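Listed below, chain by chain, are the residues.
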Amino acid sequence: MKIAVCIKRVPVMEAKFAIAGDGTRVDETGLKWDVNDFDLWAIEAALQLKEANGNQGEVVAISLGPDAAQEQLRKAMAMGADRAILLQCDRPPADGLAVAEALAAELAGGGWDLVLFGRIAIDSMNQMTGPMVAELLGLPCVTNVCKLAVANGAGEAERALEGAAEVVTFPLPAVLTIDDGLNKERLPSLKGIMAAKKKPLDVKPAALGAAHVAQVKAALPPERAAGRILGDSAAAVPELVRLLQTEAKVL
Amino acid sequence: MANVLMFAEVRGGELRKVALEALVAARRLAAASGGGAVHAVLAGAPGVGAHAAALANGGADQVLLLEHDGFAHYNPEALTATLAERLRGGSYGYALFSATAQGRDLSPRVAARLRTGLAPDLTGFRVEGDAVVGEHFTMNGKVVATLALSGSPALLSVRPAAFQPAADPRPLATEAITSAADPMASRVKVTALRQGNSGTLDLNDAPVIIAGGRGLKAPEHFRLCDELAAAFGNAAVGATRAVTDEGWRPHSDQIGQTGRNVSPTLYVAIGISGAIQHLAGMRTSKTIVAINKDKDAPIFKVADYGITGDAFEVVPALIEAVKQAKAQG
């Protein structure tokens, strides 16, 4: 199995965000960065598939982003990916199609059995790059995969929907986007971290497509007004019900 | 003037509420761009055309009806081909989707097929000259980005519950259309649909959500949430990641960063501390009630009304009080 996993470097979301001086994006000063959660589950899925196939083939981690994203690619290799490719650009554009075109240009003709993505990048929250890459490459695509079985050149997956799931069959090669619930990612071992330092990491410029979507403003949502504590026991229930009826008008 | 093509989401043969929401957004887009027509694509197995009247009532000038056994389940490849072909025809300035699992699967495929822009998961938008400018949550819900989308056709998806369904009746006009690709020849095939908790409302459709956290201490105590939901009558039950990771509730019930984003009229958080991952999925709810023993729990920072008491004492009293209020109302 030859598997590509596309991963993204994203801010650690516990941060208290501020808006940069130009008003169009977050101020990156002091932010910590990590691999997007969903992409960790995609890496884990790729490693498990490789292991289930007698460790034959390879897992290649690919990221589009700044030079600093090498750190996230090293983490993927510390988890077990065999090599990595950085498609270098100053900052990933807001337009998912522009990103998808760069990734598709790199992936085209690579002989991949599977190309995996996380379902969504929690920074842009675009949730579109995976199916766009599939379309650009002409490959079958299943999104939101929360169960997966692959054998004999075909796969069966469950797609998570709102409050339901679809069972989906597909042939390889294919593009999948991985949802929460498929697996828990492994932590890099010390041995893995040491080995990752020697694994190949190619850096090349990203061939970004034309952008149709621009992020023109960023703002912090209004804080919710401080609420009221009505009491510390069931004695507060009548007052709660009264407020739900008369003030919030939801009952 | 630009016509708007909107995709009406169907699941298991039923028209979803999000389709009527997207229709309201499509009407607004048509009005803002000079008064074009709204065409709704309704695809499904033979018989799905029964929902055309609901779409006309919600503001569809024309229902493009695609009835075929190959659309009994969601068929992304045949739908991509069909929507791309309609949009290539040139009479549409925009295409509008629901930002659901289905819409967020389909809209990027169509955008990539046409090499055109997609502004996803918008909570609101306006038309400024040739561009659509809309708001979209980023950074796990902590930052609102304004996106400017140019080009034609321009594709948008709108967040569930961001628009309220409304009657805007038009005369029913249905045009039968055919699939641009053999729907039986799709490589990706949905073979079964597993509905979640049947008979209960979906989290994205419910005006009221009762959510339980680890403070409930054991899976059987979720009956308190179920009973409170039943007392409201229009409620769905959700859970935190800690709870779904423990297997107390199914993964599809998880609200938060890695689960569902919800914004109901009323959100009742029971035994939920309010980790930022959870708040990311529910902070846009209209009214939030929190019941938690720990008065320092972060959930009280976003709650409109809080009770810092024992859920096992407070919730049964609330169930009775809601039942009584409903009986009187």
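Our subject is the structure listed above.
Now for a description of the structure that goes with this document. (Residues numbered from 1 in each chain as written. Chains lettered and ligands numbered in written order. Predicted model: local features only at pLDDT ≥ 70, side-chain atom pairs only at ≥ 80, totals over all residues.)

### Structural notes on the overall build of chain B
Within chain B, the secondary structure is distributed over 9 helices and 17 strands. Its C-alpha atoms give chain B principal-axis dimensions of about 60 × 40 × 40 Å. For chain B, with 329 residues in total, the buried portion stands at 62%. Sequence-distant contacts in chain B: of pairs separated by 6 or more residues, those separated by 24 or more amount to 65%. (Helix = DSSP H or I, 4+ residues; strand = E, 2+ residues; numbered from the N terminus. Buried ≥ 20, exposed ≤ 12 C-beta atoms within 10 Å, placed from the backbone. Contact = placed C-beta atoms within 7 Å.)

### Comments concerning unusual backbone geometry
Proline 173 of chain A follows leucine 172 of chain A through a cis peptide bond whose omega is -5 degrees. Secondary-structure assignment places proline 173 of chain A in the loop between strand S9 (164–171) and strand S10 (174–178). Backbone torsion omega between serine 152 of chain B and proline 153 of chain B reads -5 degrees, so that peptide bond is classified as cis. Along the chain, the position of proline 153 of chain B falls in the loop between strand S9 (143–149) and strand S10 (154–158). Located in the positive-phi region is asparagine 144 of chain A, a residue other than glycine, with phi close to 55 degrees. Note that asparagine 144 of chain A resides in strand S7 (residues 141–151). Backbone geometry at alanine 161 of chain B places phi at a positive 75 degrees, although glycine is not the residue there. By the secondary structure assignment, alanine 161 of chain B is in the loop between S10 and strand S11 (174–176).

### Some words on the sheet that holds strand S16 (residues 287–291) of chain B
Read from one edge of the open sheet, 6 strands run S13(A)-S17(B)-S16(B)-S15(B)-S13(B)-S14(B), paired in parallel fashion. Looking at which strands have only one partner, the edges of the open sheet turn out to be strand S13 (228–231) of chain A together with strand S14 (235–239) of chain B. The sheet shows a mean angle of 20 degrees between the axes of neighbouring strands, direction not considered. In this structure, strand S13 (residues 208–212) of chain B lies alongside strand S15 (residues 266–270) of chain B, joined through 5 bridges in parallel fashion. Within the sheet, the bridge partner assigned to valine 208 of chain B lies in S15 of chain B and is leucine 266 of chain B. Seen against the sheet, helix H5 (residues 223–232) of chain B touches S13, S14 and S15 of chain B and runs at an angle of roughly 155 degrees to S14 of chain B. Contacts between helix H9 (residues 311–328) of chain B and the sheet are confined to S15, S16 and strand S17 (305–307) of chain B, with S16 of chain B contributing the most and set at about 135 degrees to the helix. (Pairing = 2+ DSSP bridges. Axes fitted to C-alpha atoms, helices over the stretch in contact; angles between N-to-C directions.)

### Regarding H9 of chain B
For H9 of chain B, built from 18 residues, the straight-helix expectation of 26 Å at 1.5 Å per residue is met to within 8% by its first-to-last C-alpha distance of 25 Å. Residues Ala311, Val314, Val315, Leu318 and Val322 of chain B constitute the buried set of H9 of chain B. Taken around the axis of H9 of chain B, the buried residues stretch over an arc of 90 degrees, which confines them to a single face. Exposed residues lying more than 90 degrees from the buried face of H9 of chain B are Ala327 and Gln328 of chain B. Where H9 of chain B is buried, its residues meet helix H6 (237–246) of chain A together with H5, S15, S16 and S17 of chain B. (Expected span 1.5 Å × (residues − 1). Arc of directions from axis to C-beta.)

### Here we look at the interface of chain B and chain A
Each partner contributes to the interface: chain B provides 71 residues, whereas chain A provides 72 residues. The residue inventory of the side of chain B that touches chain A, partitioned by class, reads 35 nonpolar, 23 polar and 13 charged. Looking at chain direction, strand S12 (residues 213–219) of chain A and S9 of chain B are connected through 6 bridges and run antiparallel. Across the sheet, alanine 218 of chain A pairs through a bridge with alanine 145 of chain B, a residue of S9 of chain B. (Nonpolar A, V, L, I, M, F, W, Y, C, P; charged D, E, K, R; others polar.)

### Considerations on the nonpolar core
Ranked by internal contacts, the top residues of the largest apolar core, which has 153 residues, are Val5 of chain A together with Leu96 of chain B. The element contributing the most residues to this core is helix H1 (residues 17–32) of chain B, with 10 residues. Sequence-distant contacts of leucine 96 of chain B, that is, excluding residues within four places in its chain, are made with Val4, Met6, Ala22, Ala25, Ala26, Leu29, Leu156 and Val158 of chain B. In terms of nonpolar packing, the next biggest core, distinct from the first, is built from 53 residues, Ala236, Leu266, Phe300 and Tyr305 of chain B among them. (Core = buried A, V, L, I, M, F, W, Y, C linked by C-beta atoms within 7 Å.)

### Notes on the sheet that holds strand S8 (residues 131–138) of chain B
In sheet architecture, strand pairing relies on hydrogen bonds along the backbone and comes in two forms, parallel and antiparallel. One open sheet holds the 10 strands; their spatial order is S12(A)-S9(B)-S8(B)-S7(B)-S10(B)-S6(B)-S1(B)-S4(B)-S5(B)-S11(B), and the pairing between them is mixed. The open sheet has two free edges, formed respectively by S12 of chain A together with S11 of chain B, since each of these has just one partner strand. Across the sheet, the mean angle from the axis of one strand to that of its neighbour is 30 degrees, orientation sign disregarded. Judged from the 5 bridges that link them, strand S1 (residues 3–8) of chain B and strand S4 (residues 38–44) of chain B form a sheet pairing that is parallel.

### Looking at H1 of chain B
Residue and element names in this part refer to chain B. The end-to-end C-alpha separation of H1 is 23 Å, in line with the 22 Å expected for 16 residues at 1.5 Å each. Summarising burial for H1: 13 of the 16 residues are buried, a large majority. Following H1 by one or two positions, glycine 34 has its phi on the positive side, about 110 degrees.

### Focus on the environment of alanine 290 of chain B
Residue and element names in this part refer to chain B. Along the chain, alanine 290 falls in strand S16. Alanine 290 gets classed as buried once you count the C-beta atoms within 10 Å, which come to 27. Considering only alpha carbons, one finds alanine 290 and isoleucine 272, 18 residues apart in sequence, at a separation of 7.7 Å. In this view, alanine 290 contacts Ala269, Ile299, Phe300, Ala303 and Gly306; residues no more than four positions away in its chain are not counted.

### Things to note about the environment of arginine 159 of chain B
Residue and element names in this part refer to chain B. Locating arginine 159 in the fold gives a position in the loop between S10 and S11. Expressed as a C-alpha distance, the spacing of arginine 159 and glutamate 9, which sit 150 residues apart in the sequence, is 13 Å. Ignoring sequence-local partners within four residues, the contact set of arginine 159 consists of Ala99, Asp121, Leu122 and Thr123.

### A short note on the pairing of S16 of chain B
Residue and element names in this part refer to chain B. For S16, a buried count of 5 out of 5 residues is recorded, marking the element as mostly surrounded by other parts of the structure. Residues Thr287, Val289 and Ile291 line one face of S16 and the alternating positions Ile288 and Ala290 line the opposite face, and both faces are buried. Direction of pairing for S15 relative to S16: parallel, over a ladder of 5 bridges. Residue pairing in the sheet places valine 268 in a bridge with valine 289 of S16.

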